[in-house]
Amino acid sequence: MVRIYGPDPAVLCRAGTALLPDIAGLGLSAGRFAGGPPVGTTPHTRFSSDLTGSMLEAAQYTLDEGACRDAAATRAPVLAADLTGALWTRRWPRFTPAALRAGIKAVCGLPLHAGAVRHDGAVDLHHQAPGRLDGSVAENSALAFAAAVTELLTLERLHLDFTEAFAAGRQGDTVLDVAAGKSVSGPAALVSDTTGLPPARWFDRATLAMVRRQVAALSTHHGLSAHGTHRWTLAVHEDLINAVWHGGGHGQLLMWRRDGRLWCEISDHGPGHRPHRHA
């Protein structure tokens, strides 16, 4: 997803209804970078795929209830596969009737989470038929979509233009393909040696060594001493390994230079928490 639709989050969201199975529409609410400086306030609606989605997003903030509100607060997916059940009326006494009046009978809120990178807000999926989201949102594809949105919001927060970096680092498989179990190993252009900043690099177990060499080359090229390059590369490599072994087997590395310093951010598309289900 990121390779085709990044770095603009709205472009990715516009493609969301086609990328994700069994959803009628989606919305995105986003605020400040969680754990970072207060670059925003309360999450606000950034995207709605249709009028119904826009109504749902507005209702959640007006009524202070709903799947996205809970997902953002708990940092875990929240699935309401059938809003016609009494459970959801008790849990969201104002939002549930509003959603039903809008013709929505199933909703799911996915927190904005990619590895250790988090933003306030959530991705909201909805459908007019009860149960239609139950099988799809539990799959890695929906969680990978939310992670991809989080990564693009991170680039936006950094005020860096990664457009050329993404174009140069296109990988052969989308994140959804990876979530379905396909290899993330990209073409030669993905892992070729380069000294340009900022780079965007996808990696898995097979490309760890190559990406480590890239990090070392970038570090030396941009002024780190031999000792500094060794320490920096070792630290980055440890995080790469953690993403491979504990974050779903693959991830994305971003590096940039600002104020005379090198910066690095690593995110992954691990499955995270499964959506909460209620009988």
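Everything here concerns the structure above.
Residues numbered from 1 in each chain as written. Predicted model: local features only at pLDDT ≥ 70, side-chain atom pairs only at ≥ 80, totals over all residues. Heavy atoms only, no water.

Novice: For this particular structure, what's the right way to read the packing of aromatic side chains?
Specialist: Both the distance between ring centres and the angle between the ring planes are used here to describe each pair of aromatic rings. With the rule as written, the count across this model stands at two aromatic pairs. Plain terms: the ring middles of Trp-92 and Phe-95 are 5.7 Å apart, the flat faces sit at 85 degrees to each other, and that makes the pair edge-to-face. Each member of the pair, Trp-92 as well as Phe-95, carries the same accessibility label: buried. Three or more aromatic residues joined by ring pairs make a cluster, and in this case those are Trp-88, Trp-92 and Phe-95. Taking NZ or CZ as reference, Arg-205 lies 4.3 Å from the ring centre of Trp-245, over its face. (Phe/Tyr/Trp six-rings, centres within 6.5 Å; stacked < 30°, edge-to-face > 60°. Buried < 20%, exposed > 50% of the residue type's maximum accessible area, 1.4 Å probe, protein only. Lys NZ or Arg CZ within 6 Å of the ring centre and 35° of its normal.)

Novice: I'm lost on empty space enclosed by the protein in this one. Help?
Specialist: Once rolled over the atoms, a probe with the size of a water molecule shows which space is left empty. In this structure the tally under the stated criterion is one cavity of 30 Å³ or more. Estimated volume of the largest cavity: approximately 30 Å³. Taken together, Val-117, Glu-151, Thr-154, Gln-252, Leu-254, Glu-265 and Ser-267 make up the lining of the largest cavity. Counting residues per element, the ones that place at least two in the lining of the largest cavity are α8 (140-158), β7 (250-258) and β8 (261-268). Of the residues in the lining of the largest cavity, the class split is two nonpolar, three polar and two charged. (1 Å grid on protein atoms, 1.4 Å probe; cavity = no way out; pocket = protein on both sides within 12 Å on 5 of 7 lines; lining within 4 Å. Points joined across faces, edges and corners; volume = space filled by probe spheres on them. Helix = DSSP H or I, 4+ residues; strand = E, 2+ residues; numbered from the N terminus. Nonpolar A, V, L, I, M, F, W, Y, C, P; charged D, E, K, R; others polar.)

Novice: Is there a simple way to think about the pairing of strand β4 (residues 106-114) in this case?
Specialist: For β4, a buried count of eight out of nine residues is recorded, marking the element as mostly surrounded by other parts of the structure. Looking at chain direction, strand β3 (residues 78-80) and β4 are connected through three bridges and run antiparallel. Looking at the pairing, Leu-79 lines up with Cys-108 of β4. In this sheet, strand β5 (residues 117-127) lies alongside β4 in antiparallel orientation, the contact comprising nine bridges. Residue His-113 lies in a different strand from β5, and its bridge partner there is Arg-118. (Pairing = 2+ DSSP bridges.)

Distances and angles like these do not, on their own, reveal function.
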